[in-house]
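Descriptive analysis of the structure
Spelled out, the chains give:
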Amino acid sequence: MYSSRRVAHVFPDSSFFSQLSSTRSIKNSLGLCHLKLRRLTLIAQPPCSKKHHPLSLPVNLSVLSLPYNLPAGEESKVRGRVVKGCVGFCSEASPATGGCTATMIDATAGSVRQQVSRLLRESLHVSLQPVAELDPSVVDVEPLVAICNPRFGDYQCNNAMGIWSKIRGKPSSYRNPNSIGQAIVANLPASTLIESATVAGPGFVNLVLSTSYIAQRLDQMLIQGIGSWAPVLPIQRALVDFSSPNIAKEMHVGHLRSTIIGDSLARMLEYCHVEVLRRNHVGDWGTQFGMLIEYLFEEFPNWEEIGEQAIGDLQAFYKAAKQKFDADPAFKEKAQQAVVRLQGGEQRYHVAWESICDISRREFDLVYKRLNVTLEEKGESFYNPYIPAVLEKLSEKGLIEESDGAKVIRIEGVEYPLIVVKRDGGYNYASTDLAACWYRLNVERAEWLVYVTDIGQAQHFDMWFKAVKRAGWLPVNDNDYPKAKHVGFGLVLGADGKRFRTRSSEVVRLIELLDEAKSRSMQGLVERGREGEWTAEELEHAAEALGYGAIKYADLKNNRLTNYIFNFDQMLDVRGNTAVYLLYAHARIRSIIRRSGKNIEELKQIGTITLDHENERQLGLHLVQFAEIVEDALAEFYPNILCEYLYNLSEVFTKFYSNCTVIGSEQETSRLLICEATSTVMRECFKLLGITPLERL
């Protein structure tokens, strides 16, 4: 049993742990046991591959590593992490430690809203004990916390009416929703976080944050870095599947949204200290390769001696092969036979396939380098060997059945079944996706699978998501982990409202789009006289940051589900909600700090922030809400939420700067630190959107 002396070092209340030490509930054993003492609930579950043990703990913790011995001489490593106001333990074998290290993360970690929620969760638990017998479900209610109208406060708790609907008409001390709200206020734990709490109307609890808390949180971020504000998510590893172009085809504007949106979501998850597997599920397997390989063999019998020069321009090569495939039945038959030989592993065909893939990858990498996007490729061919075994697993569960010569999975509520093996015995997208899902869950151990594709594929994902839930690979409850999410997006349109194409009705090559964005940005910089002030390298860097950033922001600021019109003039405008405007706004803040002549790093160490002016507090509050904006953007994967926050931040800063003199004022140190905090948050926003900030413009 754990010693009370050691355990008391982790938590501030040793009397609680004198009770805890006399309990045999904490053990790594079979069975499920609950212990509720002073509103702490420990659930010891049967060991699983990850050995997760959730611990509901609405109290403040100190960051501490604590060695102790586990029962029965087990040697493990236990790591605690706060999840939505709770601490979850994960244990892993660690013979080298000779015992166990328990690491507790400060419960003040995470977003401001998460901290407010912890206080409200404690208050709700106390407030609802008197009515627990009337409806046990109300005791474990989660706080409903939202940013509220500034006239009433900073945050609002909206639980009272929902609770009242459950206990109305039953005997209790509560007479209406307002009385429930009053109880929530009365039972709030003492905290430096909340300055005041009031009840309005039918039980709305309005909370005003302590101004000194906001200032201290800003000071803390400037010292510890903005990573200290990261929201705490209930997962450790996620996989984001995005971009995914087809080998042998050039990346075009249609790949823009998946690449930009997927990269931004991956960045947000990484900011939250989640390990992200950035997966590029390229189309590198299928009938088109038989066509390309057979064309290569016929046109260049000695292609192995010539090398890649035989293929030359891959796009022109593809068009020529496709034209022959459509016009020549004999060639078409040979191409189909070439697919069989390739998939059968014949060396000559495999070497040709690898050569085509390598040329294509190099072209993709040029685009990814410009966009500053990192991906790890695991294409369709990677999962192909896993398909037979995965389908066998599904067959054993009774999910696969024969239908008109094909093998299918029936999906409830869908007229047509999910085909997993075609009539000719070949595999398709569904069979590949199922194999990839199995691999990602069981080998890569991802807890969250995120697929970023156009919205036209929504039904496909919905069908195979339901299939794997039937198989038991994913839980039926969408709120449980592991889980999968399809992040769909709309089309990029031209000025005519139709799909964005060239004048010759061909898709727009992505590399050409980036070239034009950079060229236009360079022209704008030259027109503003920067050519005579900056070096060629500085001009090049700024033009790329402005041009590529403009394309990204113009996409990300829109609700991803909607179509949007691609317009260079609008996205490169220095006014309004554009990346160019925001990059200039950030550069102006950096200029203010430079003009002060002060060493901002020294000020961080010796100075403190005060928020006495109304506009100072308004800006400070907006800044400390950054983390929950990231949280909201990840809730349903909408990067436009972060874009809106960033634009509003620039507007709030403008009000502050217009009404609060910075350089030469009595509050110069504090206000310079506010400027630094603002530019720090803006830079992190740019980073999460994949945009490069500039120190001057």
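Nothing here was measured: the structure is a model prediction, and the numbers come from that model.

Assigned secondary structure in the protein consists of 25 helices and 21 strands. Looking at the protein residue by residue over its 697 residues, the buried ones come to 52%. Considering only contacts within the protein whose residues lie at least 6 apart along the sequence, 70% involve residues at least 24 apart. Looking at the protein as shown, the accessible area adds up to about 32000 Å², and 49% of this sits on carbon and sulfur atoms.

Under the defined criterion, the tally for this structure stands at 43 salt bridges. With a closest N to O distance of 2.8 Å, Glu377 and Arg361 form a salt bridge. Of the two residues, Glu377 sits in strand 14 (residues 376–377) while Arg361 sits in helix 12 (residues 347–371), which places them 16 residues apart along the sequence. We classify Arg361 as partly exposed; its relative accessible area is 24%. One salt-bridge network, held together by shared partners, links Arg590, Arg594, Glu601, Lys604, Glu676, Arg683 and Glu695.

Attention now goes to helix 18 (residues 536–556). Across its 21 residues, helix 18 extends 30 Å between first and last C-alpha, which sits within 8% of the 30 Å expected from 1.5 Å per residue. Within helix 18, 15 of the 21 residues are buried, leaving the element largely enclosed by the surrounding structure.

Counting 169 residues, the largest nonpolar core has Trp229, Phe566, Phe626 and Val681 as its most contacted members. Residues contacting Trp229, with those up to four places away along its chain left out, are Gly110, Ser111, Arg217, Leu218, Gln220, Met221, Tyr271, Leu623, Val624, Phe626, Ala627 and Val681. In terms of nonpolar packing, the next biggest core, distinct from the first, is built from 35 residues, Val390, Ile409, Val414 and Ala446 among them.

All right, on to the side chain of Gln315 then. Along the chain, Gln315 turns up in helix 10 (residues 314–327). Polar side-chain contacts of Gln315 include one of 2.9 Å to the backbone nitrogen of Glu250.

This paragraph deals with the sheet that holds strand 14. One open sheet holds the five strands; their spatial order is 14-13-12-18-19, and the pairing between them is parallel. In the strand order of this sheet, the two ends are held by strand 14 and strand 19 (483–489), each with one partner. The pairing of strand 13 (residues 275–280) with strand 14 spans two bridges and is classified as parallel. Pairing of Arg279 across the sheet is with Glu376, part of strand 14.

Here we come to the sheet that holds strand 11 (residues 204–209). With respect to topology, four strands assemble into an open sheet ordered 8-9-11-10, the strand pairing being antiparallel. In this open sheet, the two strands that pair with only one neighbour each are strand 8 (145–147) and strand 10 (194–200). Direction aside, the axes of adjacent strands within the sheet are offset by 25° on average. Bridging between strand 10 and strand 11 involves six bridges; their strand directions are antiparallel. The residue of strand 11 that forms the bridge with Val199 is Val205.

Bringing the pairing of strand 19 into the picture now. In terms of burial, strand 19 is a largely internal element, five of the seven residues being buried. Strand direction decides the pairing type here: strand 18 (residues 448–454) and strand 19, joined by seven bridges, are parallel. Across the sheet, the residue bridging to Asp454 is Phe489, located in strand 19.

This brings us to the packing of helix 7 (residues 256–271) against helix 18. Axis separation between helix 7 and helix 18 bottoms out at 10 Å; the angle between their running directions is 85°. With respect to helix 18, the element helix 7 is oriented roughly perpendicular. The residues of helix 18 that touch helix 7, namely those facing Leu256, Arg257, Ile260, Ile261, Asp263 and Ser264, are Ile551, Lys552, Asp555 and Leu556. Broken down by class, the residue content of the contact of helix 7 with helix 18 amounts to five nonpolar, one polar and four charged.

Right, let's talk about the confidence of the model for the protein for a bit. Of all residues in the protein, 84% have pLDDT values of 70 or greater, and the mean over the chain is 83. Throughout residues 1–107 the model reports pLDDT below 50, and contacts reaching past four residues in sequence, or to other chains, amount to 211 contacts.

What follows deals with helix 12. In this model, helix 12 (25 residues) spans 36 Å end to end at C-alpha, consistent with the 36 Å of a helix rising 1.5 Å per residue. Where helix 12 ends, the next residue or the one after it, Asn372, has phi of about 55°, a positive value.

Attention shifts here to the packing of helix 23 (residues 626–635) against helix 24 (residues 640–659). Axis separation between helix 23 and helix 24 bottoms out at 8 Å; the angle between their running directions is 155°. The pairing of helix 23 with helix 24 is recorded here as roughly antiparallel in orientation. Across from Phe626, Ile629, Asp632 and Ala633 in helix 23, the residues of helix 24 making contact are Ile641, Leu642 and Tyr645. Taken together, the residues of the contact of helix 23 with helix 24 sort by class into six nonpolar, no polar and one charged.

Our focus in this paragraph is the packing of aromatic side chains. Any pair of aromatic rings gets described here by the distance separating the centres and the angle formed by the planes. Applying the stated criterion across every chain, the model contains 26 aromatic pairs. Seen in terms of ring centroids, Tyr383 and Tyr439 are 5.9 Å apart; in terms of plane orientation they differ by 75°. Their pairing is edge-to-face. Linking Tyr383 in helix 13 (residues 380–383) with Tyr439 in helix 15 (residues 429–442), this pair joins segments that are 56 residues apart in sequence. Both residues of the pair, Tyr383 and Tyr439, belong to the buried class. Clustering of aromatic rings is evident, with ring pairs tying together Phe382, Tyr383, Tyr386, Trp438 and Tyr439. The lysine or arginine in question, Arg348, covers the ring of Phe297, its NZ or CZ lying 3.8 Å from the ring centre. Here the basic side chain of Arg560 rests over the ring of Tyr638, its NZ or CZ set 4.3 Å away from the ring centre.

This brings us to unusual backbone geometry. A cis amide bond links Tyr481 to the next residue, Pro482, at an omega of 0°. One can find Pro482 in the loop between helix 16 (458–470) and strand 19. We note that Ala248 has phi near 80°; this positive angle belongs to a residue other than glycine. Locating Ala248 in the fold gives a position in the loop between strand 12 (237–241) and helix 7. The exposure class assigned to Ala248 is buried, which follows from its relative accessible area of 0%. One non-glycine residue, His273, adopts positive backbone phi at about 65°. Looking at the secondary structure, you find His273 in the loop between helix 7 and strand 13.

Along the chain, the position of Tyr429 falls in helix 15. The class for Tyr429 is exposed, based on a relative accessible area of 58%. In contact with Tyr429, not counting residues within four places along its chain, are Glu380 and His460.

Reading the values: the criteria
- Residues numbered from 1 in each chain as written.
- Predicted model: local features only at pLDDT ≥ 70, side-chain atom pairs only at ≥ 80, totals over all residues.
- Heavy atoms only, no water.
- Helix = DSSP H or I, 4+ residues; strand = E, 2+ residues; numbered from the N terminus.
- Buried < 20%, exposed > 50% of the residue type's maximum accessible area, 1.4 Å probe, protein only.
- Contact = heavy atoms within 4.5 Å.
- Areas by Shrake-Rupley, 256 points an atom, 1.4 Å probe, with all protein chains shown as cover.
- Salt bridge = Lys/Arg side-chain N within 4 Å of Asp/Glu carboxyl O.
- Expected span 1.5 Å × (residues − 1).
- Core = buried A, V, L, I, M, F, W, Y, C linked by side-chain atoms within 4.5 Å.
- Polar contact = N/O pair within 3.5 Å; in protein donor to acceptor, adjacent residues only side chain to side chain.
- Pairing = 2+ DSSP bridges.
- Axes fitted to C-alpha atoms, helices over the stretch in contact; angles between N-to-C directions.
- Parallel < 35°, antiparallel > 145°, perpendicular 65-115°, else oblique.
- Nonpolar A, V, L, I, M, F, W, Y, C, P; charged D, E, K, R; others polar.
- pLDDT = per-residue confidence, 0-100.
- Phe/Tyr/Trp six-rings, centres within 6.5 Å; stacked < 30°, edge-to-face > 60°.
- Lys NZ or Arg CZ within 6 Å of the ring centre and 35° of its normal.

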